[in-house]
Amino acid sequence: VFGDSMTLNDVCCYIPAWFGVIATFLVGCIAYEASLPVNSGGTIFGVALDAVRGRYANPKAMTGNARSRLFGLSSPSLECALFAMGFMGVVPAHLMRSVGGGYDNESVAVTAMTLTFWLWMRSLRNKDKYSHWFGILAGVAYFNMVAAWGGYIFVLNLIGAHAAFLVLLGRFSDKVYMAYTLFYVVGTALAIQVPVVGWSPLKSLEQLPACAVFLGYQLLQYCEIQRKKNKLSRKDAFKLRIQVAVSALAVVTLIVVAVTPNGYFGPISSRVRGLFVPHTKTGNPLVDSVAEHQAASSQAYWQYLHILCILAPAGFVIVLFRFGDASCFLFVYAVTAYFFSHKMVRLILLTAPIASTLGGIAVGRVVAWSISVLIGEGEEEEKATKKGGSKADGKKEGKKRKEKKSSSNSHGLSGVTAIHDGFVEASNSTEGKIVKAILAVVLLGSLYMQASTFKDYSWKISAGLSNPSIILKGQTREGNIIKVDDYREAYWWLRDNTPEDARIMAWWDYGYQITGIANRTTIADGNTWNHEHIALLGKALTGSVEEGYEIARHLADYVLIWGGGGGDDLAKSPHLARIANSVYRDHCPGDVTCRAFGFVDRKGTPSPMMEKSFLYNLHSHRIVPGVTAD
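Structure report, in brief.

The rules behind each value
Residues numbered from 1 in each chain as written. Predicted model: local features only at pLDDT ≥ 70, side-chain atom pairs only at ≥ 80, totals over all residues. Heavy atoms only, no water. Helix = DSSP H or I, 4+ residues; strand = E, 2+ residues; numbered from the N terminus. Contact = heavy atoms within 4.5 Å. Areas by Shrake-Rupley, 256 points an atom, 1.4 Å probe, with all protein chains shown as cover. Patch = residues over 30% accessible without salt bridge, like charges linked within 9 Å, V, L, I, M, F, W, Y side chains within 5 Å. Salt bridge = Lys/Arg side-chain N within 4 Å of Asp/Glu carboxyl O. Buried < 20%, exposed > 50% of the residue type's maximum accessible area, 1.4 Å probe, protein only. Core = buried A, V, L, I, M, F, W, Y, C linked by side-chain atoms within 4.5 Å. Phe/Tyr/Trp six-rings, centres within 6.5 Å; stacked < 30°, edge-to-face > 60°. Expected span 1.5 Å × (residues − 1). Axes fitted to C-alpha atoms, helices over the stretch in contact; angles between N-to-C directions. Parallel < 35°, antiparallel > 145°, perpendicular 65-115°, else oblique. Nonpolar A, V, L, I, M, F, W, Y, C, P; charged D, E, K, R; others polar. Pairing = 2+ DSSP bridges. Left-handed = near helix turned anticlockwise from the far one by under 90°.

1. A look at the overall build of the protein chain
- Secondary structure summary: the protein chain contains 27 helices and seven strands in total.
- Pairs at least 24 residues apart make up 71% of the contacts formed inside the protein chain by residues separated by at least 6 positions.
- Accessible surface computed for the protein chain: about 33900 Å², of which carbon and sulfur atoms make up 62%.

2. Re a nonpolar patch on the surface
- A cluster of nonpolar residues, Phe 45, Val 317 and Phe 321, forms a patch on the protein surface that exposes about 300 Å² of accessible area.
- Within the fold, Val 317 resides in helix H14 (residues 308-321).
- Take Val 317: its relative accessible area is 43%, and that puts it in the partly exposed class.

3. Details of the nonpolar core
- Phe 117, Phe 154, Tyr 180, Tyr 217, Phe 329, Leu 330 and Tyr 333 are the most contacted members of the largest nonpolar core, which has 93 residues in total.
- No other element matches helix H7 (residues 152-168), which puts ten residues into this core.
- Not counting chain neighbours up to four residues away, the residues in contact with Tyr 333 comprise Met 113, Phe 117, Phe 154, Leu 158, Leu 350, Pro 353 and Ile 354.
- In this structure, Ala 518, Ile 534, Ala 552 and Leu 555 belong to the second largest nonpolar core, which totals 28 residues.

4. Considering the packing of aromatic side chains
- What the rule picks out here adds up to 25 aromatic pairs.
- Taking the centre distance of 5.7 Å and the plane angle of 65° together, the rings of Tyr 142 and Phe 183 count as edge-to-face. You can see Tyr 142 sitting in helix H6 (residues 134-148) and its partner Phe 183 sitting in helix H8 (residues 174-191), a full 41 residues away along the chain. Take Tyr 142 and Phe 183: they sit in the same class, and that class is buried.
- Among the aromatic residues, those joined into a ring-pair cluster are Trp 120, Tyr 142, Tyr 152, Phe 172, Tyr 177, Tyr 180, Phe 183, Tyr 184, Phe 214 and Tyr 217.

5. Some points on the pattern of salt bridges
- Going through the model one piece at a time under the given rule, you end up with 16 salt bridges.
- Among the salt bridges present, the one from Arg 227 reaches Glu 224, with a minimum N-O distance of 3.1 Å. Taken together, the residues Arg 227 and Glu 224, both in helix H9 (residues 208-230) and three residues apart, mark about one turn of the helix. The burial state of Arg 227 is the same as that of Glu 224; both residues are buried.
- Close ionic contact of Asp 485 with Arg 488 constitutes a salt bridge, the shortest N to O distance being 2.9 Å.
- Take Arg 488: its relative accessible area is 22%, and that puts it in the partly exposed class.
- Three or more residues joined by partner-sharing salt bridges are found here, namely Glu 224, Arg 227 and Arg 241.

6. Brief notes about the environment of Thr 593
- Along the polypeptide, Thr 593 turns up in the loop between helix H25 (573-583) and helix H26 (608-611).
- The class for Thr 593 is partly exposed, based on a relative accessible area of 36%.
- Separated by eleven residues in the primary sequence, Thr 593 and Ser 582 place their C-alpha atoms 8.5 Å from one another.

7. Concerning helix H5 (residues 105-122)
- In this model, H5 (18 residues) spans 26 Å end to end at C-alpha, consistent with the 26 Å of a helix rising 1.5 Å per residue.
- When you tally the buried positions in H5, you get 14 out of 18 residues, the bulk of the element.

8. Remarks on the environment of Trp 562
- By the secondary structure assignment, Trp 562 is in the loop between strand S7 (558-559) and H25.
- Beyond its immediate sequence surroundings of up to four residues, Trp 562 is in contact with Asp 486, Tyr 487, Ala 490, Tyr 491, Tyr 510, Asp 568, Asp 569 and His 619.

9. Topic: the packing of helix H13 (residues 298-305) against H14
- At a minimum axis separation of 9 Å, H13 and H14 run at an interaxial angle of 90°. Considering their axes alone, H13 and H14 lie roughly perpendicular with respect to each other. Only Leu 308, Cys 309 and Ile 310 of H14 make contact with H13, whose side of the interface consists of Tyr 301, Trp 302 and Leu 305.
- Here the residues of the contact of H13 with H14 are counted per class, giving six nonpolar, no polar and no charged.

10. With respect to the sheet that holds S7
- Strand order across the open sheet formed by three strands is S6-S5-S7, with parallel pairing between neighbours. Pairing within the sheet leaves two strands with one partner each, and these edge strands are strand S6 (521-522) and S7.

11. Quick word on the packing of helix H3 (residues 77-90) against helix H16 (residues 351-375)
- Taken N-terminus to C-terminus, the directions of H3 and H16 make an angle of 135°; their axes are 7 Å apart at the nearest point. In terms of their interaxial angle, H3 and H16 are classed as oblique. Judged by the sense of rotation from one axis to the other, the crossing of H3 with H16 is right-handed. Contacts from Glu 79, Cys 80, Phe 83, Ala 84, Phe 87 and Met 88 of H3 reach H16 at Ala 352, Pro 353, Ser 356, Thr 357, Gly 359, Gly 360, Ile 361, Val 363, Gly 364, Arg 365, Val 367 and Ala 368.

In structure tokens form, the structure reads like this:
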């Protein structure tokens, strides 16, 4: 890296690891921001109660006390950040897209996503009158996400959902308004500059919810200005909001009715439909054929998250009782990520940042409390408070207690308050301090043992993830371990025995490898945006020998298929036929799922349509009696 020459291939191999390090640091920043006392001074129940009573947002009511631990950083926020980074750095859900050599869009996108989330949370920090300007940086980071991965729709709608949730909780304020407005305007203005995106942020049904939140924020801000200007009561302010909302809804309805017949709004993509309907029923056989699009199981969560399956829910509960505008984002993120990852196993990747953050918050707060107990930080603060006390302070404290007691009685919580005060008094006694010290030691010891187990598990998983996916490990009948390198050998044969300008037709799964290893032009690769093009490949391979040959001869010079049993091309060929039939309806007339193409029994006997296919004849050439490819 420093002075040594690096090839482009070396850079591509290192990029996942480099960006994985950055994403790990950003997850620590998210945990730090969510754990700051100024951002976590309330509870979700108190906030919800204020919203029901119609109380307006009061930032001062959402702050708490903090201790400086190191370099002026707040505790327990620092501990939460460190442990969140520790989890993110080794959790398998992140390793599967951050190991060296695993070059993919997601390797860069996770970093862009976490950067956007952190800047959004930073724009909502309490006691910082300029924090909303971070909304601009969040919009720029979102532009990076748009350019990196199609999952930018998740990022946009998640932030929009959080902004809407803040309104429901009665947390709408000038800061929240400015932060989201700046984010959306800057992010959308930059996103439409990406060629494959264009004007879809304002036309796609998948992205319009965030736009609706933006428009709603403008109406709410107008109502807030009128309320403050005219000093409206709660009832009058509510009437004004209803009037503005009804007028805006009427205008929007007229616009929608006017532009819909012209095809202004784009349809919901099949991948997004797959998140709301059962797997294999999205209407797009290409999406349904991908194994990563099936629903996730509990075993998959444990495989990729391990101990975080326990720690993350604990952190989730802590966030509910350490609630604020910024930390509220973790609540929305956790619920949304779990819902979508449960629908599609591939999206467990999205749970890595939030699971690491919540797990870090849980462990960080436990460790911070244990350290404070063992080094006596609480005792020092208590002594300092008593020493610096005065009669005036005593009067103020008495007044506060009286007010607190009155408030508690009015809420019907006097009994709970009494129990809490008794518990605090008992814990500060000599016996209570000994019990707390023993508990702190037990907790630290337990966490250390669990951390060791998690580390060993992650190292084991990382070894498997680091192995090349095209070099397999096999075992002979004698029990000897061998290396199965058929993939590379086939690509090397293409490289050494075909002209440099040769075109290779193969199923899209192998496109990138043909280009990268064989250095030959492929007809289709892992980019599945062009459904019609891939359907044509399916038609050529699963159609008759004559039709398949004519298409293949027109498109390519060579045809590459994979055989050998297991998940080879013949085994997955029913998916190829369904994909072809989704575009070329005459491929399987009157049969939407193309059931005429496939195996008729467990012995692998082909159906008449499969037996006549181009793929079957190439696959079974001189292997199955009577089958030869002319």
